[in-house]
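Chain residues, written in single-letter form:
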Amino acid sequence: MRDALVAAAFQLFLERGYEQTTVDDIVALAGVGRRSFFRYFPSKEDVVFPDHERCLADMTAFLADGSDDDEPVRRVCDAARLVLRMYAENPTFSVQRYRLTKQVPGLRAYELSVVWRYERALAEYLRRRFAARRDGTLQADVIAAAVVAAHNNALRCWLRSDGQGEAGAAVGHALDYVQSAFGGVSAPPVVEEPEDVVVVVSRRGAPLWRVVQEIETALGRG
């Protein structure tokens, strides 16, 4: 039923356009009722992205199943490959969705919200792993953004080529770049600021107030 609704929706989107297609049109072509549609998809936008919820759940579970022995950047790069696998499972559908999303601003905004959820899942994992680091949160957020940017850059190149060639090679190259830039980077050492030492030479037997005055002068307070 779910696959039939997706197939019917994209057939109509290609024939009529996204804006001109209604939920009633989709269920009529699929031969089901409106209640069946909304049982699977909260909105018409969701039928364009039917697999992202599952993929996000798989990514979250993959990260949660990792151990402390896993190199964190390698782990999030491997998690991003799960998203690629989703796209590569059906290149024709992925290319159609890419073209449709480019044409419809509302779908582009929806897609950006989905991408942000992937990035947040990666960042939350890295924040836990970098909790003891100075600037750990900053490192986590920057690396998560870099992983998503690298993955999406290579993925879009593959989609623009109509899904020709090996998507895994391009995405793998992009993620290897992130790994080489951030992987295995240890926490920066904490550099302690040197303490100022002031040496004052005073005449033996000088009154205390004179010594204090000379110290204040040396510290720039005089």
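Residues numbered from 1 in each chain as written. Predicted model: local features only at pLDDT ≥ 70, side-chain atom pairs only at ≥ 80, totals over all residues. Heavy atoms only, no water.

Some thoughts on the overall build of the protein chain
Piece 1. Along the protein chain, the regular secondary structure elements total eleven helices and zero strands.
Piece 2. When the elements of the protein chain are put in sequence order from the N terminus, they spell out α-α-α-α-α-α-α-α-α-α-α.
Piece 3. Across the 222 residues that make up the protein chain, the buried fraction comes to 37%.
Piece 4. In the protein chain, 66% of the contacts between residues at least 6 apart in sequence involve partners at least 24 apart.
Piece 5. By element, 52% of the accessible surface of the protein chain is carried by carbon and sulfur atoms, the whole surface being about 13,300 Å². (Helix = DSSP H or I, 4+ residues; strand = E, 2+ residues; numbered from the N terminus. Buried < 20%, exposed > 50% of the residue type's maximum accessible area, 1.4 Å probe, protein only. Contact = heavy atoms within 4.5 Å. Areas by Shrake-Rupley, 256 points an atom, 1.4 Å probe, with all protein chains shown as cover.)

Here we look at the pattern of salt bridges
Piece 1. In total, this model carries twelve salt bridges according to the counting rule given.
Piece 2. Here Asp 25 ties to Arg 16 by a salt bridge, and the two come within 3.1 Å at their closest N and O atoms.
Piece 3. Among the charged side chains, a network of salt bridges with common partners joins Arg 54, Asp 58 and Glu 89. (Salt bridge = Lys/Arg side-chain N within 4 Å of Asp/Glu carboxyl O.)

Comments concerning the confidence of the model for the protein chain
Piece 1. Looking at the protein chain, the pLDDT average stands at 87 and 83% of residues meet or exceed 70.
Piece 2. Element-level pLDDT for the protein chain is lowest in helix 11 (residues 208-218), with a mean of 62, against a maximum mean of 96 in helix 9 (residues 136-160).
Piece 3. A low-confidence stretch, residues 186-193 (pLDDT under 50), is modelled with seven contacts involving residues beyond four sequence positions or located in other chains. (pLDDT = per-residue confidence, 0-100.)

Here's the deal with the packing of helix 9 against helix 10 (residues 167-182)
Piece 1. It is the contact of helix 9 with helix 10, at a shortest axis distance of 8 Å, that shows an interaxial angle of 155 degrees. When the axes of helix 9 and helix 10 are compared, the pair comes out roughly antiparallel. The crossing of helix 9 and helix 10 is right-handed. Within the contact between the two elements, helix 9 uses Val 142, Ile 143, Ala 146, Val 147, Ala 150, His 151, Ala 154, Leu 155 and Trp 158 and helix 10 uses Ala 167, Ala 170, Val 171, Ala 174, Leu 175, Val 178 and Phe 182.
Piece 2. Residues belonging to the contact of helix 9 with helix 10 are distributed by class as follows: 15 nonpolar, one polar and no charged. (Axes fitted to C-alpha atoms, helices over the stretch in contact; angles between N-to-C directions. Parallel < 35°, antiparallel > 145°, perpendicular 65-115°, else oblique. Left-handed = near helix turned anticlockwise from the far one by under 90°. Nonpolar A, V, L, I, M, F, W, Y, C, P; charged D, E, K, R; others polar.)

Here we look at the packing of aromatic side chains
Piece 1. Taken as a whole and assessed by the stated rule, the structure comprises seven aromatic pairs.
Piece 2. Here Tyr 40 and Phe 41 contribute two aromatic rings whose centre-to-centre distance is 6.5 Å and whose plane-to-plane angle is 45 degrees, an arrangement assigned as tilted.
Piece 3. Clustering of aromatic rings is evident, with ring pairs tying together Phe 10, Phe 13, Tyr 18 and Phe 93.
Piece 4. The residue whose ring lies beneath Arg 133 is Phe 130, and the NZ or CZ to ring-centre distance is 3.9 Å. (Phe/Tyr/Trp six-rings, centres within 6.5 Å; stacked < 30°, edge-to-face > 60°. Lys NZ or Arg CZ within 6 Å of the ring centre and 35° of its normal.)

Notes on the side chain of Gln 179
Piece 1. With respect to the helices, strands and loops of the structure, Gln 179 is situated in helix 10.
Piece 2. Discounting chain neighbours no more than four positions away, the residues touching Gln 179 are Glu 71, Val 73, Arg 74 and Cys 77.

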